[in-house]
Amino acid sequence: MTSPRRTEPLAAGAAAVTVVLWASAFVSIRSAGTAYSPGALALGRLLAGALALGVICLVRREGWPPRPAWRGIAVSGLLWFGFYMVALNWGEQQVDAGTAALVVNVGPILVALLGARLLGDAMPPRLLAGMAVSFAGAVTVGLSMSGGGGSSVLGVVLCLLAAVGYAGGVVAQKPALARASALQVTTFGCLVGAVACLPFAGQLVREAADAPVSATLNMLYLGVFPTALAFTTWAYALARTTASRMGATTYAVPALVTLMSWLALGEVPGPLTLAGGALCLAGVAVSRSRARTARVVAVERRPEQTRESA
């Protein structure tokens, strides 16, 4: 059994891996989206992810998830792996990156609200304060990156629907993780999403024949790393904390996207963008921190428990 003292840093590390890889996905989607339509890109990404995860499951002999976990796996697969990816790909073709990042970042707020309502997640003041700071940072990044006339009503609606699908998928996934492993939940959720996107198979075949190698490699990267690896580390961390706190962690994504766009695409961020990114990271730090009194109580309880057991 892994001790709580060791589990917490592992969960934090898993969340960090997820955030970095999801941030890199925005850069890859921008590249692959020039050659692949939204549905085809989602299907290709999910097929690559399902194949990678399936191989790992066979090596580890994970087997099928328990029956009680299937409801959460199916719902998260349809909403998050399927609907979210198609809506986000489509939305990013209609609006500029800044607007997309701003609208999609409604997701963590919806996760917190649904988690409190459906899962009984606590809403401590530090979590609420951190989310407020991070959302202000996301708004700042979004406004600073938005191009004039680059938005459309359809694009904004699609990004908002993507945020709703993301929030619903996270809340549905949380109970499943109490009954199945993170790898099982991720693998079969990805497979459900791929099956839901099969109507786009014809588009994927036609577009893959004409797409440049770089676009196809970006699609495969999206499947193996931001999907197979990042969704598994996300599920691992989600199983060890609340949905609300994990949702708040994703507010670090806009700051990292800004940094990666700077390094990979040569898009130099302005002072307003940098300030917004700093706010995003500061808010995540606040939301994941614990109140000092809670830590003191935890320390004081240990000697009492030791005396009682003696």
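You'll find the structure just up there.
In this convention, every chain numbers its residues from 1, walking through the sequence in written order. Given that the model is predicted, a residue must reach a pLDDT of at least 70 before its local features are reported, and side-chain atom pairs must reach 80 or more before they are shown or counted; all residues, however, enter totals for whole chains, interfaces and linings. Side-chain numbers here rest on the full set of heavy atoms in the structure, without hydrogens or water.

## As for the packing of helix α2 (residues 38-60) against helix α8 (residues 182-196)
Part 1: Contact geometry of α2 with α8 gives a least axis separation of 9 Å together with a crossing angle of 145°. Judged by the twist between their axes, the crossing of α2 over α8 is left-handed. Side by side, α2 and α8 meet where L43, L46, L47, G49, A50, L53, G54, I56, C57 and R60 of the first sit next to L183, T186, T187, C190, L191, G193 and A194 of the second.
Part 2: Under the grouping applied here, Gly and all other residues not named as nonpolar or charged are polar, the nonpolar ones being Ala, Val, Leu, Ile, Met, Phe, Trp, Tyr, Cys and Pro and the charged ones Asp, Glu, Lys and Arg. Residue classes in the contact of α2 with α8 are distributed as 11 nonpolar, 5 polar and 1 charged. Axis angles are defined between N-to-C directions and span 0 to 180 degrees, where every axis is a line fitted to C-alpha atoms and, for a helix, only to the segment in contact. What counts as a helix is a DSSP run of H or I of at least four residues, what counts as a strand is a run of E of at least two, and both are numbered from the N terminus. Rotating anticlockwise by less than a right angle from the far helix to the near helix defines a left-handed crossing, while the corresponding clockwise rotation defines a right-handed one. Two residues qualify as a contact provided that any one of their heavy atoms is within 4.5 Å of a heavy atom in the partner residue.

## Structural notes on α2
Part 1: Over its 23 residues, α2 runs 33 Å from end to end, which matches the ideal 33 Å to within 8%, given 1.5 Å per residue.
Part 2: Immediately downstream of α2, the backbone of R61 shows phi near 55°, a positive value. The span one expects for a helix is its residue count, reduced by one, times 1.5 Å.

## Points about the side chain of T233
Part 1: Relative to the assigned elements, T233 resides in helix α10 (residues 213-238).
Part 2: Any N or O atom pair separated by 3.5 Å or less is treated as a polar contact, with the protein-specific requirement of one donor-capable and one acceptor-capable atom, and with residues adjacent in sequence counted only for side-chain atom pairs. Among the polar contacts made by the side chain of T233, one reaches the side chain of T18 at a distance of 2.6 Å.
Part 3: Contact partners of T233, with chain neighbours within four places excluded, come to A14, V17 and T18.

## Focus on the layout of surface pockets
Part 1: Space inside the second largest pocket adds up to approximately 270 Å³.
Part 2: R60, E62, A182, L183 and T232 are the residues nearest the centre of the second largest pocket, which is lined by 15 residues in total.
Part 3: For the lining of the second largest pocket, the secondary structure elements donating two or more residues are α2, α8 and α10.
Part 4: Among the elements that line the lining of the second largest pocket, the one with the most residues is α10, at 4 residues.
Part 5: When its residues are assigned to classes, the lining of the second largest pocket shows 10 nonpolar, 2 polar and 3 charged. Of the grid points, spaced at 1 Å and generated over the protein atoms alone, those admitting a 1.4 Å probe that cannot get out make up cavities, while open sets with protein on both sides within 12 Å along at least five of seven lines make up pockets; any residue with an atom within 4 Å of a point is treated as lining. Grid points are joined across faces, edges and corners, and a volume is the space filled by probe spheres set on the points.

## So, the nonpolar core
Part 1: The nonpolar core is taken to be a set of buried Ala, Val, Leu, Ile, Met, Phe, Trp, Tyr and Cys residues, with the residues joined through side-chain atoms within 4.5 Å. Under the scheme applied here, a residue whose accessible area is under 20% of the maximum for its type counts as buried, over 50% as exposed, and between as partly exposed, the area being computed with a 1.4 Å probe on protein chains only. With 72 residues, the main nonpolar core has Y36, W80, Y84, V170 and W234 as its most contacted residues.
Part 2: Of all the elements, helix α1 (residues 4-32) adds the most residues to this core, at 11 residues.
Part 3: Once residues within four sequence positions are removed from consideration, W234 is found in contact with T18, W22, W80, Y166, V170, Q173, M246, G247 and T250.

## Considering a nonpolar patch on the surface
Part 1: Exposure above 30% relative accessible area and the lack of any salt bridge qualify a residue for a patch; like charges then connect within 9 Å, and the nonpolar side chains Val, Leu, Ile, Met, Phe, Trp and Tyr within 5 Å. Each accessible area is a Shrake-Rupley estimate made with a 1.4 Å probe; only the visible protein chains count as cover when residues are assessed. Throughout this description, the term salt bridge denotes a Lys or Arg side-chain nitrogen within 4 Å of a carboxyl oxygen of Asp or Glu. A cluster of nonpolar residues, V17, V224, F225 and L229, forms a patch on the protein surface that exposes about 280 Å² of accessible area.
Part 2: By secondary structure assignment, the location of V224 is in helix α10.

## Thoughts on the pattern of salt bridges
Part 1: Per the counting criterion, the structure on display carries 1 salt bridge.
Part 2: Residue R60 is joined to E62 by a salt bridge in which the shortest nitrogen-to-oxygen separation is 3.4 Å.

## Observations concerning the environment of T242
Part 1: Looking at where T242 falls in the secondary structure, it is placed in the loop between α10 and α11 (243-249).
Part 2: The exposure class assigned to T242 is partly exposed, which follows from its relative accessible area of 28%.
Part 3: Sequence separation between T242 and G120 is 122 residues, and the spatial gap between their C-alpha atoms is 9.4 Å.
Part 4: At 3.2 Å, the side chain of T242 and the backbone nitrogen of R245 are in polar contact.

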